[in-house]
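Here are the chains, one letter per residue:
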Amino acid sequence: MNECLFCKIVGGEIPATIVAEDDQFIAFRDIEPQAPTHVLVIPRTHIASLNEATDAELMGRLLLFARGVAVKEGLTERGYRVVLNTNAEAGQTVFHIHAHVLGGRPMRWPPG
Ligand code: 5GP
Ligand code: ZN
């Protein structure tokens, strides 16, 4: 676990621009933003991906926490996207579960 990049952000070993946090989650700006707002929401506890998630309450709270980030960023009226990339073909590169909150520009569908 201590080799996990996002666990290091939770532990304060790697700096991040935190936009919101509580006792269960941290939201911080993506280092390589793909939209004017690009925030990652992670649980403080290590879960590798959605495939390993078992705690329904934690996952529900994660989604509502992501909504709270969208509220804070002023995105709820115009729209935003919440994305969980899971495993290789979806483009997951960091194996500590995270929700991307993306907004501030029009989004295309289907995603690439
Ligand atoms: P994934 O590709 O796993 O869905 O998303 C991982 C995200 O983490 C990427 O969007 C990437 O830009 C971001 N990221 C990788 N390393 C760091 C870092 O050290 N700090 C921050 N803030 N974001 C990172
Ligand atoms: Zn981790």
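Quick summary incoming for the structure in this document. Each chain has its residues counted from 1, following the order in which its sequence is written. Starting at A for chains and at 1 for ligands, labels are handed out in the order in which the entities are written. Local features in a predicted model are, by the rule used here, given only for residues with pLDDT of at least 70; side-chain atom pairs are given and counted only at 80 or more, and totals for whole chains, interfaces and linings are based on all residues. To obtain the side-chain values, all non-hydrogen atoms of the structure were used and water was disregarded.

Some details on the coordination of the zinc ion (ligand 2)
Part 1 of the argument: Looking at the metal site, the zinc ion (ligand 2) is ligated by Cys4 (SG), Cys7 (SG), His46 (ND1) and His96 (ND1), spaced 2.0 to 2.3 Å from it.
Part 2 of the argument: Donor atoms are limited to N, O and S found within 2.8 Å of the metal ion, a distance that becomes 3.2 Å for Na, K and Ca. With water left out, some sites might look partial. Donor residues binding the zinc ion (ligand 2) come from one chain and are separated in sequence as C-x2-C-x38-H-x49-H. You can see cysteine 7 sitting in helix 1 (residues 5-10) and its partner histidine 46 sitting in the loop between strand 3 (37-43) and helix 2 (56-72), a full 39 residues away along the chain.
Part 3 of the argument: Three labels apply to residues, based on accessible area from a 1.4 Å probe with only protein chains included: buried if under 20% of the type maximum, exposed if over 50%, partly exposed otherwise in between. Taking relative accessible area as the criterion, histidine 46 reaches 27% and is therefore assigned partly exposed. What counts as a helix is a DSSP run of H or I of at least four residues, what counts as a strand is a run of E of at least two, and both are numbered from the N terminus.

As for the side chain of aspartate 30
Part 1 of the argument: Mapped onto the elements of the fold, aspartate 30 is located in the loop between strand 2 (25-29) and strand 3.
Part 2 of the argument: Counted charges follow a simple rule, with Lys and Arg positive, Asp and Glu negative, and His plus the chain ends left uncounted. By definition, a salt bridge exists where a carboxyl oxygen of Asp or Glu is found within 4 Å of a side-chain nitrogen of Lys or Arg. Buried charge aspartate 30 goes without a salt bridge, the closest partner of opposite sign being arginine 29 at 11 Å.
Part 3 of the argument: Polar side-chain contacts of aspartate 30 include one of 2.8 Å to the backbone nitrogen of glutamate 32.
Part 4 of the argument: Not counting the four nearest positions on each side in its chain, aspartate 30 is found in contact with His38, Val39, Leu40 and His100. Nitrogen and oxygen atoms within 3.5 Å of one another constitute a polar contact, given that in protein one can donate a hydrogen and the other can accept it, and given that sequence-neighbouring residues count only through two side-chain atoms. Contacts: residue pairs with any heavy atoms within 4.5 Å of one another.

Concerning the site of ligand 1
Part 1 of the argument: A cutoff of 4 Å decides nearness: a residue is near a molecule or strand if any of its heavy atoms lies inside that distance of it. In the vicinity of ligand 1 lie 15 residues, with Asp30, Asn85, Gly91, Thr93 and His100 positioned nearest.
Part 2 of the argument: Between ligand 1 and asparagine 85, the relevant distance is 2.9 Å, taken from an oxygen atom to a side-chain nitrogen or oxygen of the residue.
Part 3 of the argument: Within the backbone of glycine 91, one N or O atom sits 2.9 Å away from an oxygen atom of ligand 1.
Part 4 of the argument: Accessible surface area values rest on a Shrake-Rupley calculation with a 1.4 Å probe, where residue burial reflects the displayed protein chains alone. Coverage of ligand 1 by the protein amounts to 83% of the 520 Å² it exposes when considered alone.
Part 5 of the argument: Where the shell around ligand 1 is concerned, the elements lending two or more residues are helix 1 and strand 2.
Part 6 of the argument: Ten residue types, Ala, Val, Leu, Ile, Met, Phe, Trp, Tyr, Cys and Pro, are classed as nonpolar, four, Asp, Glu, Lys and Arg, as charged, and the remainder, Gly among them, as polar. Classifying every residue of the shell around ligand 1 gives six nonpolar, six polar and three charged.

Details of the sheet that holds strand 4 (residues 80-83)
Part 1 of the argument: Whether two strands pair comes down to DSSP finding at least two bridges between them. Read from one edge to the other, the open sheet built from five strands follows the order 1-2-3-5-4, with strand pairing classed as antiparallel. Looking along the sheet, the strands with just one partner apiece sit at the ends: strand 1 (18-21) and strand 4. Strand after strand, the sheet turns through a mean of 20° between neighbouring axes, direction not considered. To get an axis, fit a line to the C-alpha atoms, keeping to the stretch in contact for a helix; angles then go from 0 to 180 degrees between the N-to-C directions.

As for the packing of aromatic side chains
Part 1 of the argument: The pairing test for Phe, Tyr and Trp rings, Trp by its six-membered ring, is centres within 6.5 Å, and the orientation test on the planes gives stacked under 30 degrees, edge-to-face over 60, and tilted for anything in between. For the structure shown, the criterion picks out two aromatic pairs.
Part 2 of the argument: On the basis of an interplanar angle of 80° and a centroid distance of 5.4 Å, the ring pair of phenylalanine 6 and phenylalanine 28 is categorised as edge-to-face. Of this pair, phenylalanine 6 sits in helix 1 while phenylalanine 28 sits in strand 2, and the two are 22 residues apart along the sequence. Taken as a pair, phenylalanine 6 and phenylalanine 28 share a single burial class, namely buried.
Part 3 of the argument: With a centroid separation of 5.4 Å and an interplanar angle of 40°, the aromatic rings of phenylalanine 25 and phenylalanine 65 are classed as tilted.

Looking at the pattern of salt bridges
Part 1 of the argument: Tallied over the full model, the rule gives three salt bridges.
Part 2 of the argument: Notably, a salt bridge pairs glutamate 21 with arginine 44, separated by 2.9 Å at the nearest N-O pair. A residue pair is termed long-range when its members are at least 10 positions apart, and glutamate 21 in strand 1 and arginine 44 in the loop between strand 3 and helix 2 qualify at 23 residues.
Part 3 of the argument: Between glutamate 57 and arginine 61 there is a salt bridge whose closest N-O contact spans 2.8 Å. Of this pair, glutamate 57 and arginine 61 both sit in helix 2, separated by four residues, roughly a single helical turn.
Part 4 of the argument: Residue arginine 61 is classed as partly exposed on the basis of its relative accessible area, which comes to 41%.

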